[in-house]
Structure formats: C-alpha cells, structure tokens
Amino acid sequence: MASGNLRRREAVSRAISGLATASSLVAVAALVIVTVAVVRHGAGALSLSFLVKDPPQFGGPGGGIASAIVGTSLIVAMAAIIATPVGVLCALYLVEFSAPGSRPARAMRLALDLMQGLPTVVVGLFIFGLVVKPAQAESGFAGSLALAIIMLPLIARSSQEVLLTVPRGLRDGTDALGVDRWRAIMTVILPTALGGILTGTILAVARAAGETAPLLLIDGAFTPGTTVQLFGHAVPNIPVLIFTAVESADPSAFARAWGAALVLLALILIANVGARVLLARSRARMGL
Amino acid sequence: MSSSGGDAIRPRVRIQDGSASRPVPAAQRNDNGGTRRAAVFDIRDMSVHYGENRALDWTTLRIDRNLVTAVIGPSGCGKSTFIRSLNRMNDSIPGFRIGGQVLYHGHDLYARQTNRVEVRRRIGMVFQKPNPFPKSIYDNVAWAPRNLGMKSGLDERVERALRHAAIWDEVKDRLRASALSLSGGQQQRLCIARSIAVEPDVLLLDEPASALDPVATAAIEDLMHNLKHRYTIVIVTHNMQQAARVADRTAFFSLDERDRTGTLVEYGDTDTIFTNPADPRTRDYVTGRFG
C-alpha cells in the first residue's frame, strides 16, 4: 500500500506531533513542580497569624507578612487605577477611532509591543530617576507608577483583542441610529466587552503583583510595620519581602519567604480563575 | 432635472446602456398618475469607489416619499453599496469615495457641513443579520431615544415603536428579557422597532429577510406595507418575488460585463420592471435566466 515515501512522511509526522506533545508536557510539568515546591515549603509557614501579623521588628522567628500583603494590594491597586483607564483608552483608539492599518495605529501597536518587552528593571530605574531621586525618598506610589507602566501594554493589548471580538453588527446598529460613537462606546460597546476587559486587567494585576525588580529599586527600604501611606513612604510588599528574607542569614526568614511565595501564588491563582470565569460569562453575553 | 418629468402619466423608465450616457431621473409621478410625489432622495450621477475599485457607476434616480422602493440585482452588483451610501454607512470603509450628488430633501448628504450622525438619525437602517444589542428588549428600543435626549414619554415611545413593528404582542410581557432570547425573525422586527423609535424619515432595509425563515419573512413583508404610510422605505433584496410583493418601484442593478462595475440598468414601477422591462438584461434577470 505504501506509495513513494509515505512511510517516511508518517514517521516524520509522528515524530513532530510527539515532540509537540512532549514539549507541552514539559511546560505543564514545570508549573506543577514549582507549585508543588512552593506548597510543600510554604504550607508549614502558613497560619492565621502569618496572614494577620507583621514581621518581627528586628528579625527572628514568628510574626507574619500582613504588612506585605496590605502593601502589595495597595501598590497594585493604585497601579491598576492608573493603568486601566489609559490602557482601555489606548485600545479604544486602536479599535474604534483610528483607521485600521493606518500609520499612527501601526506605530501605536508597535509601541505597545515594545513596551511589553521592556525589561522591568529598566522601568524601575526610569522611575527611580524620575520620582525617587528628586524626592530623595522611596515610596509605594513610585512602585505603583512602575507597575502601571508594566501593566499598561498588557491591558491595552488584551482590551484591544476583546474589542475586536465585539460583533461589527453592533457598531453598525449604533451608527445607523444616529447616536454619536462615544455614546455607543460607553453604553453598548464597552458594556459588551466589559468582562473581557476586566479579565485582561486582572491578568495584568496578577503579573504586576509578583514584579520584583522595579520594587527593589524604588520601594525596597521599608520598615516592617503595616502602613497605608503610599505617598512619601516605602511600603512593605511581598516580592521584596521574599527577596530580603532569602538573602538574610536567618533560617526562620527563609521559611517566611516560602510562606510569602505561597500566598502570592494563591492570590495570583485566584485572580486568574476569577478572570477566566468573567471572560466566559462575557463571551456568553456576546453570544459567542 | 431638466425635461425628464414631462407630462407622461406612466413613469419614465430610463435605460443605461453605457457609461457615456447618463441616466436621467426616472419616475416622477406615482402609479395613479396626477399627484406629484415629493422626492426624498434625488441621486445624481452617484459613483462609488473603494480605493482603486469602482463599485458603482453613474447612478441617477429619485426615491419618492411614502413608497417602497426595492433594489434588486445579482450578487456584487452594488446594491448594498448603493443603499449604504444613502445614510453614509460606507464612510467608515477605508478608501471609500463617492462622486456625484445625493440630495436628501434638497440637501447634499455629502456636503462638508452635513453631519453624518444627524443624517443617520433621520435615515435609519436595518441590516441583513439581526443585530440587537446585548440588552433587554425594552433597552434595545429605548437606547437611541435616551441617547438622543428624547427622554420624555419613553415608555409610550417604546410601546409605539414595538407596536408599529408588529412585535408588541409577542414581547409585552417580557420587556425586561434579553433581546438575544428572541427568535431571528423577532430580533429583526425588534431591530425595526429600534430604528423607528427615533422617528426617522426614511428606513433603509439591507436584505432584512435573507437570514429569516419564510414565516418570519412574511411577517416582515406585511410590516412593510403598513410602515410605508409613515416612512419612506428602500429595501435591498436578492429575492425577486419579495420585491414584486412589497415594492412600488424597483431599481435593477447589474454588473457591467466590461468593467465589472455595478450599474443601474433600469428603474421604474415594479409592475413594469417585472412584466414589461425595457432592457433585455432586466428581462433575463426577472425571468430567472441569470443571477
């Protein structure tokens, strides 16, 4: 039955599909191994007091990471407040207001892609020079600015994707009624795309929550107590806490690092699952 | 608009047999003769390009008030391009250019000072695929009035629109339900209700029944007979029987063999177009010999 090099082609095809399957298994395995390691080492540190108590003032065992949880939440929330409107407006510009394929739209997309590839330590250095150095003080807000720069392209690109899935018929429908485009955007197009945009924002938040490099530069010299002062004060945060705990010679700090890593991972996982649920709902709403 | 009106009782049918000859406005009188109808659209030498491609050749015709005017023709003959040019829906298409004049009650639709959002307020459009907003039935109809500042008596306005679109009885008990829960035919009538809720002057229907089953199609056709007393209706259809059933006037567009451009072949009373067309291309089309 075999005609020509059929057998050879079948072998190659099998090899390639095997390779692809193996690679995806490796990716999943990497995730599983990291997660298992974090859970195994971190679970021991986890307790209620770990979540609600501040780290001990002068090091040593005991205490928790409450101040870092509060700090990271604040810094990331502020970053989201800054980056989300700008990101969504960028997406609106790309999808609703610029002619597709026009020069400014292409430039904008390229800029967003480049921004996405920006090394985060460079972003940190930039904010350090722009905000921290002149103010002579590290601050949580400076950290928020850096994280906002990191989140912006993620939010803009994901919002753009979602806006593109809003059926063209809806825009035709609003246009044909003689209602201005911006009203249509506010009352029909954005509400339709809202779930998807929130998903993108949450994923960006999850990404920013673990960002360490910029915070080391601009929000790394904090005192361990809980604070809600984002402006003018360095605010404790989980990534830097993990970094300093691992660097320190104190073995109890090492355990705290694993615990903090577990908390961070759990937060990100919850955010991701929530985002996916939202996206599925919004898809159903659009009738996709 | 020179000599074409004449004193003929029969509407004059104009044949276009080459790009050199420009058609002269056709029917100027209604079927009963006598009363002269007001022109809603006076389209003169309209031509449309998308980038380098010419989509529509010299088109000259008049669309009169309170009539149903059907636009028929084979695929790609420029029917949709034509109707979408009447409320400037093509403006957003990259490379769209229009030549000639589209006069709407004497105002040039494409003049610099003409606001296209206002144009679409007066000239509503219903599309081939029903496109209700992902909102409640009520909010679909109320959306445009709300955003256009017609907020007083909103409930009455919504009810009136739904009644005129012949869908009130089916939805009056579930106005808060999602519009997406309606059947395709109901969605299309809802879209018609949504269009007439802002009291437009003209309704453009771009193949409104082509995605619907025969029963829903019949409902839409019935609706058109009633709506034409209030609105001027232009309907694009690829279904000749539909044009014959609903339209007072019919315009037949075709593809020019030489340059593959949409061309108005013949325009006149629906009866004339279907029983005694002047152009052999029209005859071939309406008798089903091509297209």
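K.L.:
Would you take a moment to explain the overall build of chain B for this structure?
P.N.:
Within chain B one finds ten helices and eleven strands. A burial count over chain B gives 57% of its 291 residues as buried. The long-range share in chain B, meaning contacts at least 24 apart out of those at least 6 apart in sequence, stands at 67%. Counting only carbon and sulfur atoms, one obtains 45% of the accessible surface of chain B, whose full area is about 12300 Å².

K.L.:
What should I look at first to understand the overall build of chain A in this one?
P.N.:
A count of helical and extended segments in chain A gives eleven helices and zero strands. When the helices and strands of chain A are placed in sequence order, the string is α-α-α-α-α-α-α-α-α-α-α. Within chain A, the proportion of its 288 residues that are buried is 40%. Considering only residue pairs separated by 6 or more positions, chain A has 74% of its internal contacts joining residues 24 or more positions apart.

K.L.:
Looking at this structure, how should I read the domain arrangement of chain A?
P.N.:
Interface size is commonly expressed as the accessible area that is lost once the parts come together. Residue and element names in this part refer to chain A. In terms of domains, chain A is made up of domain 1 (1-43) and domain 2 (48-286). Computed from C-alpha coordinates alone, the two centres of domain 1 and domain 2 are separated by 32 Å. Contacts between the two partners involve seven residues from domain 1, matched on the other side by five residues from domain 2. Here domain 1 and domain 2 share an interface that buries about 510 Å² over both sides, 89% of which is from carbon and sulfur atoms.

K.L.:
Mind showing me how you'd approach a nonpolar patch on the surface here?
P.N.:
A surface patch of nonpolar side chains, about 380 Å² in accessible area, is lined by Leu46(A), Leu48(A), Leu51(A) and Val52(A). Assignment of secondary structure puts Leu48(A) in helix α2 (residues 48-52).

K.L.:
How should I be thinking about the interface of chain A and chain B in this particular structure?
P.N.:
In this complex, chain A contributes 18 residues to the contact, which on the side of chain B involves 23 residues. Taken as a group, Ala176(A), Leu177(A) and Gly178(A) account for 31% of the area that chain A buries against chain B, more than any other trio of residues on that side. The interface formed by chain A and chain B includes zero salt bridges. Inspection of the region where chain A meets chain B yields four residue pairs in polar contact (both at pLDDT 80 or more). Residue assignment for the side of chain A that touches chain B shows that the elements contributing at least two residues are α7 (168-176) and α8 (181-209) of chain A. Looking at the side of chain A that touches chain B element by element, the count peaks at eight residues for α7(A). For the side of chain A that touches chain B, a count of residues per class yields six nonpolar, six polar and six charged.

K.L.:
What's the story with the environment of Arg183(A) in this structure? I'm lost.
P.N.:
With respect to the helices and strands, Arg183(A) occurs in helix α8. With relative accessibility at 30%, the residue Arg183(A) sits in the partly exposed group.

K.L.:
Just checking my understanding: could you explain the pattern of salt bridges for this structure?
P.N.:
Where charged atoms from two side chains of opposite charge approach closely, those side chains can pair. Residues and elements named next belong to chain B. Enumeration according to the criterion identifies 23 salt bridges over all chains in this entry. The salt bridge involving arginine 88 is made with aspartate 91; its shortest N-O contact spans 2.8 Å. With respect to burial, arginine 88 and aspartate 91 carry one shared label: buried. Linking aspartate 248 and lysine 228 is a salt bridge whose minimum nitrogen-to-oxygen distance equals 3.0 Å. Highlighted residues: aspartate 248 in the loop between α8 (240-246) and β10 (249-255) and lysine 228 in the loop between α7 (214-227) and β9 (232-236), separated in sequence by 20 residues. Both residues of the pair, aspartate 248 and lysine 228, count as buried.

K.L.:
Whenever I open this one, the environment of Leu216(A) confuses me. Can you help?
P.N.:
All names here are of chain A. Along the chain, leucine 216 turns up in helix α9 (residues 213-218). For the pair formed by leucine 216 and leucine 152, sequence separation is 64 residues and the distance between their alpha carbons is 20 Å. Setting aside chain neighbours within four positions, we find leucine 216 in contact with Glu138, Val240 and Phe243.

K.L.:
Can you help me understand the layout of surface pockets in this one?
P.N.:
Unfilled space is identified by rolling a water-sized probe across the atoms. Each pocket or cavity is described by its volume, and for the largest pocket that value is around 690 Å³. Together, 26 residues line the largest pocket, and Val95(A), Glu96(A), Arg171(A), Arg181(A) and Ser92(B) are the ones closest to its centre. When contributions to the lining of the largest pocket are tallied by element, the ones reaching two or more residues are α3 (66-97), α6 (140-165) and α7 of chain A together with α2 (116-122) of chain B. Residue classes in the lining of the largest pocket are distributed as eleven nonpolar, four polar and eleven charged.

K.L.:
Would you mind showing me how to read helix α6 (residues 184-196) of chain B here?
P.N.:
Structural remark: α-helix, 3.6 residues per turn; residues separated by three or four positions point the same way. All names here are of chain B. The end-to-end C-alpha distance of α6, which contains 13 residues, comes to 19 Å, matching closely the 18 Å that a straight helix rising 1.5 Å per residue would cover. Burial of α6 is extensive: twelve of the 13 residues sit out of reach of the surface. For α6, every residue scored as buried is listed here: Gly185, Gln186, Gln187, Gln188, Arg189, Leu190, Cys191, Ile192, Ala193, Arg194, Ser195 and Ile196.

K.L.:
Looking at this structure, I do not really get the nonpolar core. What am I missing?
P.N.:
Note that soluble globular proteins tend to have their nonpolar side chains buried in a common cluster. One finds Ile65(A), Leu147(A), Met151(A), Leu163(A), Leu190(A), Ile238(A) and Trp143(B) to be the most contacted residues of the largest nonpolar core, which totals 63 residues. At the level of secondary structure, the elements contributing two or more residues to this core comprise α3, α4 (103-116), α5 (120-135), α6, α8, α10 (238-247) and α11 (251-286) of chain A together with α3 (137-147) of chain B. Counting residues per element, this core draws most heavily on α3(A), which supplies 14 residues. Contact partners of Ile238(A), with chain neighbours within four places excluded, come to Ala68(A), Ile69(A), Thr72(A), Ala260(A), Val263(A), Leu264(A) and Leu267(A). The next biggest cluster of nonpolar side chains, apart from the first, holds 46 residues, and it includes Cys191(B), Ile233(B), Met240(B) and Ala247(B).

Definitions and limits used
Residues numbered from 1 in each chain as written. Chains lettered and ligands numbered in written order. Predicted model: local features only at pLDDT ≥ 70, side-chain atom pairs only at ≥ 80, totals over all residues. Heavy atoms only, no water. Helix = DSSP H or I, 4+ residues; strand = E, 2+ residues; numbered from the N terminus. Buried < 20%, exposed > 50% of the residue type's maximum accessible area, 1.4 Å probe, protein only. Contact = heavy atoms within 4.5 Å. Areas by Shrake-Rupley, 256 points an atom, 1.4 Å probe, with all protein chains shown as cover. Domains from an automatic or database assignment. Buried area = accessible area lost by both parts, 1.4 Å probe. Patch = residues over 30% accessible without salt bridge, like charges linked within 9 Å, V, L, I, M, F, W, Y side chains within 5 Å. Salt bridge = Lys/Arg side-chain N within 4 Å of Asp/Glu carboxyl O. Polar contact = N/O pair within 3.5 Å; in protein donor to acceptor, adjacent residues only side chain to side chain. Nonpolar A, V, L, I, M, F, W, Y, C, P; charged D, E, K, R; others polar. 1 Å grid on protein atoms, 1.4 Å probe; cavity = no way out; pocket = protein on both sides within 12 Å on 5 of 7 lines; lining within 4 Å. Points joined across faces, edges and corners; volume = space filled by probe spheres on them. Expected span 1.5 Å × (residues − 1). Core = buried A, V, L, I, M, F, W, Y, C linked by side-chain atoms within 4.5 Å.

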